[in-house]
Amino acid sequence: MRLRKGKRQKADDRPGAEHRPEVPAATPGLAVELRGVRRQYGRGAGAVHALAGIDLALPRGTFTAVMGPSGSGKSTFLQCAAGLDRPSAGSVRLGGTEITGMSENELTELRRSRLGFVFQAFNLLPSLTVEQNVLLPMRLAGQRQDRGRAATVLAQVGLADKARRRPGELSGGQQQRVAVARALVTAPDVIFADEPTGALDTGTAAEVLGLLRHAVDTLGATVVMVTHDPAAAAWADRVLFLADGAFADHLERGSAERIAARMTALTGRARTMAGAGAGAGAGVAA
Ligand SMILES: Nc1ncnc2c1ncn2[C@@H]1O[C@H](COP(=O)(O)OP(=O)(O)O)[C@@H](O)[C@H]1O
Ligand SMILES: [Mg+2]
């Protein structure tokens with residue numbers, strides 16, 4: 001009883017706990033759950049509300065794209081959702097686990113074992129072979145490096161014959177496919193992708209997006225992808241549009257044209273508001 005009380009006390013010391021006297025129970029089947037997530041930079045009149053109250057529930061086995069004008073909070077959203085940054089308030093759950101109160105070590109361990117990442121710049125280690133790069137998350141997590149598993153995911157991304165190569169010997173598209181294999185290797189709860197096609201030409205980008213789509217449809221992966229490219233976002237099941245740190249709009253199974261039109265509308269609105277000197281958020285947070 002005492003211990004439990006102590007724990008509760010600790011939980012309530014977390015930033016934002018005053019808005020959330022009782023942490024809601026986790027919803028089964030959700031890979032990502034954000035409740036009332038805020039991220040503020042600075043204090044007082046000069047404070048920037050990078051995230052102004054995000055509520056989000058993404059079921060397992062879904063592919064979600066996040067778009068928004070520059071400065072709308074995309075990077076902050078991804079970092080808070082992936083445990084790389086701490087919200088000022090609110091709750092983040094990954095695979096049903098509340099991460100908000102975790103220590104740095106716990107977060108690092110969670111990221112290595114239960115999250116996958118794909119970055120714009122591939123982020124492969126040049127001195128390691130393709131296979132060693134794919135096995136890196138297991139190595140860092142102190143798990144047995146399962147070479148059979150590496151071979152499986154490399155085959156899934158069409159690179160079964162490249163295991164012994166080094167990243168420098170591969171094309172950009174192939175390197176990003178290695179990064180996708182690395183993201184898949186631990187069968188993570190969620191794969192976070194930050195502009196995964198930003199450094200690729202159109203044809204190669206489509207290959208990588210097709211792989212992410214395939215991972216969701218046939219391997220049960222969950223993907224959350226930040227992108228500025230409507231053609232990339234069109235591969236997702238749904239697109240969420242951020243404006244001034246809040247979700248302002250969404251589109252289910254939108255074509256690249258429809259997505260681009262929504263983005264244009266949103267960007268125009270953001271400009272108009274900035275021009276009129278409107279404050280952050282209130283007007284657009286639908
Ligand atoms: N470290 C920081 N310190 C202060 N303000 C920041 C910081 N990081 C981001 N911001 C501000 O938060 C808002 C959202 O930024 P960001 O998440 O990078 O947007 P996006 O990725 O959509 O361009 C912007 O107004 C940005 O200037
Ligand atoms: Mg950004």
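Residues numbered from 1 in each chain as written. Chains lettered and ligands numbered in written order. Predicted model: local features only at pLDDT ≥ 70, side-chain atom pairs only at ≥ 80, totals over all residues.

Q: Help me out: how do you make sense of the packing of helix α4 (residues 130-140) against helix α5 (residues 147-156) in this one?
A: Helix packing geometry: the angle between the two helix axes and the distance between the axes. Orientation of α4 relative to α5, taken along the N-to-C sense of each, is 110°, at an axis distance of 10 Å. With respect to their mutual orientation, α4 and α5 come out roughly perpendicular. Contact residues: α4 offers Val130, Glu131, Val134 and Leu135, while α5 offers Arg147, Ala150, Val153 and Leu154. Split by residue class, the contact of α4 with α5 holds six nonpolar, no polar and two charged. (Axes fitted to C-alpha atoms, helices over the stretch in contact; angles between N-to-C directions. Helix = DSSP H or I, 4+ residues; strand = E, 2+ residues; numbered from the N terminus. Parallel < 35°, antiparallel > 145°, perpendicular 65-115°, else oblique. Contact = placed C-beta atoms within 7 Å. Nonpolar A, V, L, I, M, F, W, Y, C, P; charged D, E, K, R; others polar.)

Q: Could you clarify how one ought to interpret the sheet that holds strand β5 (residues 97-98) in this entry?
A: The strands making up a sheet are joined through hydrogen bonds of the backbone, oriented either antiparallel or parallel. Spatial strand order, β2-β1-β4-β5: four strands in an open sheet with antiparallel pairing. Strand pairing shows two members of the sheet lacking a second neighbour, β2 (48-59) and β5, which therefore form its edges. Here two bridges tie strand β4 (residues 89-94) to β5, and the two strands are oriented antiparallel to one another. Counterpart to Leu94 in the pairing with β5 is Thr97. (Pairing = 2+ DSSP bridges.)

Q: Would you explain the pairing of strand β9 (residues 238-243) in this entry?
A: Both faces of the sheet carry side chains from a regular strand, because those side chains alternate between them. Of all six residues that make up β9, five are buried, and the element is covered over most of its length. For strand β3 (residues 63-67) and β9, the ladder comprises four bridges, and the chain directions are parallel. Pairing of Met67 across the sheet is with Phe241, part of β9. Looking at chain direction, β9 and strand β10 (residues 246-252) are connected through six bridges and run antiparallel. When the bridges of β10 are listed, Arg238 appears paired with Glu252. Remark: two residues form the turn of the hairpin made by β9 and β10, two consecutive strands paired antiparallel; Asp244 in that turn has positive phi of roughly 50°. (Buried ≥ 20, exposed ≤ 12 C-beta atoms within 10 Å, placed from the backbone.)

Q: Before we go on, may I ask you to explain the site of ligand 1 in this structure?
A: By nearness alone, every residue bordering ligand 1 is listed as Tyr41, Val48, Ala50, Gly68, Ser70, Gly71, Ser72, Gly73, Lys74, Ser75 and Thr76. Where the shell around ligand 1 is concerned, the elements lending two or more residues are β2 and α2 (74-81). Of the residues forming the shell around ligand 1, the biggest block, three residues, is contributed by α2. When its residues are assigned to classes, the shell around ligand 1 shows three nonpolar, seven polar and one charged. (Near = placed C-beta within 6 Å.)

Q: Can you walk me through the environment of Arg269 in this structure?
A: Relative to the helices and strands, Arg269 is located in helix α9 (residues 256-275). C-alpha separation for the pair Arg269 and Ala243, spaced 26 residues apart in sequence, amounts to 9.2 Å.

Q: In this structure, what is going on with α4? I would like to understand it.
A: Structural remark: α-helix, 3.6 residues per turn; residues separated by three or four positions point the same way. Considered for burial, the residues of α4 that qualify are Val130, Glu131, Asn133, Val134, Leu135 and Pro137. Count one or two residues on from α4 and you reach Gly142, which has phi positive near 70°.

Q: Which parts of the structure should I look at to understand the environment of Glu252?
A: Position of Glu252 relative to the elements: it lies in strand β10. For Glu252, a count of 8 C-beta atoms within 10 Å translates into the label exposed. The spatial distance from the C-alpha of Glu252 to the C-alpha of Ala236 is 8.5 Å, given a sequence separation of 16 residues.

Q: Would you explain unusual backbone geometry in this entry?
A: Peptide bonds are mostly trans, and most non-glycine residues show a negative phi. Of note in this structure, Asn123 is not a glycine but carries a positive phi near 55°. Residue Arg253 is not a glycine yet carries a positive backbone phi of 50°. Residue placement: Arg253 occurs in the loop between β10 and α9.

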